[in-house]
Amino acid sequence: MLNTRRLLFLGTALAAAPTMAMAQAASPEQAAPSSDDQTTSFSLDRLIVSAGAEKVAIDTPQAVTALDQEDIDQQQASTIGDLLEGIPGVSIQGGVGQLGQGFNIRGLGSGIGDPDSRVVITVDGVQKYYEQYRMGGFFSDPELYKRVEVLRGPASSTLYGNGALGGVVNFTTKDAADFLTDGGSIALRLKGATETNAEAKTGSGILAFKPVENLELLGTYNIRRSSDYRDGNGNIVAASKTEADSWLGKARYNFSGDRKHAIWVSYQDWISDTPQVYDQVTGAVGNLMRRRVHDKTGVVGYVNDFNGSKLLNVEAQLSYADSNVVQTETNFLTNVTKSTFGYESWQAKVQNTSQIELGGDWKTFLIVGGQWIDQTRTNPRVTTSGTISAGAGTHPEGGMTRYGLFGQLEIVWSDKLTIMPGVRVDWTDLRPGATTYIGAQPQRTRHSGVSPKIAALYNLTDWFGVFGSYAHTVKLPNIDETFSSASNRSYSPFLRPEKSDNVEAGFTLSFDGIADRNDRLRAKTTFFQNDVKDLIQTNSVAAGVAGSTPYFVNVGRSRIRGVELEAEYGIGGFFARGNLSIIDGKNLSSGQYLFTIPANEYHLTVGYADARTGLSGGWTAEFADAQNKVPTSGFISAGSGQATPGYNTHSVFLTFRPQSGAAKGVEFRISAENIFDTYYRRYLSYLPAEGQTFKFTFANTF
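Residues numbered from 1 in each chain as written. Predicted model: local features only at pLDDT ≥ 70, side-chain atom pairs only at ≥ 80, totals over all residues. Heavy atoms only, no water.

K.L.:
Got a minute to help me understand the environment of Arg290 in this structure?
P.N.:
With respect to the helices and strands, the residue Arg290 is situated in strand E15 (residues 288-304). Relative accessible area serves as the criterion here: at 26%, Arg290 is assigned to the partly exposed category. In this structure the C-alpha to C-alpha distance between Arg290 and Pro275, which are 15 residues apart in sequence, comes to 4.2 Å. For Arg290, the side chain forms a polar contact with the side chain of Asp273, separated by 2.9 Å. (Helix = DSSP H or I, 4+ residues; strand = E, 2+ residues; numbered from the N terminus. Buried < 20%, exposed > 50% of the residue type's maximum accessible area, 1.4 Å probe, protein only. Polar contact = N/O pair within 3.5 Å; in protein donor to acceptor, adjacent residues only side chain to side chain.)

K.L.:
Can you help me understand the pairing of strand E10 (residues 186-195) in this one?
P.N.:
Every regular strand shows the same layout, with side chains that alternate between the two sheet faces. Where E10 meets strand E11 (residues 200-212), 10 bridges bridge the pair, whose relative direction is antiparallel. Its bridge partner being in E11, Arg189 is matched across the sheet by Ile206. Alignment of E10 against strand E35 (residues 693-701), held across 7 bridges, turns out to be antiparallel. Pairing of Leu190 across the sheet is with Asn700, part of E35. (Pairing = 2+ DSSP bridges.)

K.L.:
Help me out: how do you make sense of the packing of aromatic side chains in this one?
P.N.:
In this description, an aromatic ring pair is defined by two values, namely the gap between the centres and the angle between the planes. In total, this model carries 16 aromatic pairs according to the counting rule given. Ring centres of Phe139 and Trp270 lie 6.2 Å apart, and the angle between their planes is 15°; this geometry places the pair in the stacked category. Linking Phe139 in the loop between strand E7 (126-128) and strand E8 (145-152) with Trp270 in strand E14 (residues 261-277), this pair joins segments that are 131 residues apart in sequence. Assigned by exposure class, Phe139 and Trp270 land together as buried. With centroids separated by 5.2 Å and ring planes inclined at 85°, the aromatic side chains of Tyr253 and Phe255 adopt a geometry described as edge-to-face. For Tyr253, a relative accessible area of 33% gives the class partly exposed. Ring pairs connect the aromatic residues Tyr129, Tyr130, Phe139, Trp270 and Tyr343, which therefore count as one cluster. Over the face of the ring belonging to Phe42 we find Arg520, whose NZ or CZ atom lies 4.0 Å from the ring centre. (Phe/Tyr/Trp six-rings, centres within 6.5 Å; stacked < 30°, edge-to-face > 60°. Lys NZ or Arg CZ within 6 Å of the ring centre and 35° of its normal.)

Below you can see the structure in the form of structure tokens.
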């Protein structure tokens, strides 16, 4: 595998070399392409709503990727992980089915036996959190969402919560307004999909209704079924089947017809009940059992811009979230017939955005707000004799209350210079539950942390910009890290918060009219280095005296560095987009490689879209280097820590989506994925990936 220095140089060269050659061909007289000539949407040109004041992705002083509804539909994704795997710096750790998925951004998140709490996940602003040893923590269906934004790096923790050392993933559910067009009061969308490999079938129905002028209602129901799939060698992958149902109900009332002054209510529900591999993260324990998962998210939100006021633009919400897993058929566990793992939380968040005019070309946006979360973790277990115990030591019951205050200032000059300082302060109060603990009884524990940052972007010319940031981010210990215990390890009362010092720098390139008056080029390259101190991990001590050896410990210093490149080019109907992610990570105290660092990955898509006929198609490829920079000691098993060879996979796709005429509203998609039936395993997944498969989707909006 190429070393990091050579890969960093390659990333820079890929971004700069073709662009410099194209720039030489451009002239001042070349006009920007008209909207009629642009048949594809560039992700780097999309508005980003999760990083402060609205701005396009290429002009944010941090790495941000947004997927819109067309991206989600085009991928024909079976799982949430399918949606995110193509984003640079983002990997899915654990299994490849509906369960067992944890998010890893830039080598942080979803460690072996460690809490999956270094990536913040929100659904309509509600923070989702679930933690179970040997299992992933996010349960949902791609059909529920119209938009996903991924903010990479810890600078994003300012607005979203303590502990976003890797980054933030924000999901936005569908709205009735997405389907009510041309002044219509009712719309119905039906969708069906099938897949050959796992004999998968998906059905979706959406009803949008506007009974009166200011009220919008939406209801959707999704059914997903599949058998176990086959890998590239033709072998059936056990416990990879899916049986999941999900639904979403949403209502929005716009006061006086103003969407910027509204109250809205949303509730979504996701249920799955299938056999699963007990160890979804590493595969070290491959026993089969059954898990019934029920995930619920409800929110009441309010927005008011006070008739375009510069000083007041309020967003507030109160929400409820509950993730519950019932585990049965666990014959391999001694004296346990049923276990329930639950996370229930109430949350509130309010923030205000003010715009302050400074005169001339200067303007300032100030975002201030507060957040409150109260979380309860339960783990009742039923023994063979029918006795119910209050949780195992390795999944202790307890509660956590968290408060956060944040502020972010954006100073903008003439659309050339953006300076973005920010700070967040968090407090946590951890309370032990009714679990029978090994050794000393845990006591109430409190922590606090301050996370400041500063970021800036400057466009030196119309086509070249530079940006950089520094962020000090604190992740406070949680229930699992503090109260877990076992026969040879006690709870961990003296943990220190994790601290991250992250530095980023990069440049952007933006050209219109290079080789032709109607072509476009966008590129963004980000270099980063993240130094993490006092990383919290399970204690590697194999044996100890009960009450004297803590279950979790802080482990010195780690360093993760890398580069990400995103580039897009379009001319007429032709489009090409690609990205690469190169990451290297080490434990500086031990000299060992970190086991959560993904392989270097490269993605490329080339295609053509005809706006007049609604036909589009293309080819996409994923390339991964061998990952052999792995630890030589400690907890090493498939999925994390075991080297993987390099691979490349190829897929083709075709879409028919007419925009006018009698067929308007019809969508037909077909794709052939892993067309050469390659056998491969992603480094952070213990299961081999799906072999060759053909996907068909038909949808119609009435």
